[in-house]
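Structural overview
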Amino acid sequence: MSIDKKLREYIALSPHVAEIISPLKDLGIIGFFYIRVFDNGEILDLTARPDWSEHYFRKLFESYYPPESMQDHIYIENGVNLWELNSDNPIWQDGKNNFGYGNGISFCENKPGYKELYSFYARADNSKINQFYLSNLDFLKKFKNYFVEKAAPLIKQAESNRFILPAAYQAIEKPAENKELSAMLSHLILEKDKNAPL
């Protein structure tokens, strides 16, 4: 199947993704994407914003982005990535300069056979949202679970239409883990989850 046909099929799912995440708009979150990166180099990607997604994929398949930019995107390690800390990443810059999107947060969870990533983002001029993210990590994780449940038919459909990552992005060395920082973030997240109301 051609890249154009695959893109059209993914983009056709975007209104359904947008509907599922619509309650987040009142919080200032206008975008969301859900990605699975499989061990064999294939990916599936569901997005609420097809304009940026189509732009991103066309550049991805032209190998436009430097391979190291993927370390802050599809190759983040298990945990959390606040985009503001990597604001010079060409992928985030593209979203900001071409569509006015930015101020996002990404989560990564390792699953058997694939890595699950999900990201929330706002308008590029809404930097206050970053404080909301950090104060509500448990809520964002629970929302991902809600999304996976509600979007199960969409995920199943996307499963049969995976992209194969270009070779330039498959052999990327994973970023070295900062064990001290990881331990501190894990402690903060565990404390936050422990104190969260049930």
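Scroll up to find the structure.
Residues numbered from 1 in each chain as written. Predicted model: local features only at pLDDT ≥ 70, side-chain atom pairs only at ≥ 80, totals over all residues. Heavy atoms only, no water.

With respect to the sheet that holds strand 5 (residues 114-123)
The strands making up a sheet are joined through hydrogen bonds of the backbone, oriented either antiparallel or parallel. With respect to topology, six strands assemble into an open sheet ordered 3-4-5-1-2-6, the strand pairing being antiparallel. Either end of the sheet is taken by a strand with one partner, and the two such strands are strand 3 (79-82) and strand 6 (163-164). Bridge analysis of strand 3 against strand 4 (residues 101-111) gives four bridges, and the strand direction is antiparallel. Across the sheet, Gly-79 pairs through a bridge with Cys-108, a residue of strand 4. Sheet contacts for helix 2 (residues 50-61): strand 2 (42-47), strand 4, strand 5 and strand 6; angle to strand 2, the most-contacted strand, approximately 160°. Sitting on the sheet, helix 6 (residues 152-159) is in contact with strand 1 (31-38) and strand 2, with an inclination near 145° to strand 2. (Pairing = 2+ DSSP bridges. Helix = DSSP H or I, 4+ residues; strand = E, 2+ residues; numbered from the N terminus. Contact = heavy atoms within 4.5 Å. Axes fitted to C-alpha atoms, helices over the stretch in contact; angles between N-to-C directions.)

Some words on the environment of Ser-87
By the secondary structure assignment, Ser-87 is in the loop between strand 3 and helix 3 (90-99). For the pair formed by Ser-87 and Asn-103, sequence separation is 16 residues and the distance between their alpha carbons is 8.6 Å.

Describing the environment of Gln-71
Secondary-structure assignment places Gln-71 in the loop between helix 2 and strand 3. Given a relative accessible area of 24%, Gln-71 falls into the partly exposed group. Put simply, Gln-71 and Asn-89 are 18 residues apart on the chain and 9.4 Å apart in space, counted from C-alpha to C-alpha. (Buried < 20%, exposed > 50% of the residue type's maximum accessible area, 1.4 Å probe, protein only.)

Re the packing of helix 2 against helix 3
Closest axis-to-axis distance for the helix 2/helix 3 pair is 11 Å, and the angle between their directions is 130°. Taken together, helix 2 and helix 3 sit at an angle that is classed as oblique. Considering the relative orientation of helix 2 and helix 3, their crossing is right-handed. Counted together, Asp-51, Trp-52, His-55, Tyr-56 and Lys-59 of helix 2 and Ile-91, Trp-92, Asp-94, Gly-95, Asn-98 and Phe-99 of helix 3 form the full contact between these two elements. Tallied by class, the residues present in the contact of helix 2 with helix 3 amount to five nonpolar, three polar and three charged. (Parallel < 35°, antiparallel > 145°, perpendicular 65-115°, else oblique. Left-handed = near helix turned anticlockwise from the far one by under 90°. Nonpolar A, V, L, I, M, F, W, Y, C, P; charged D, E, K, R; others polar.)

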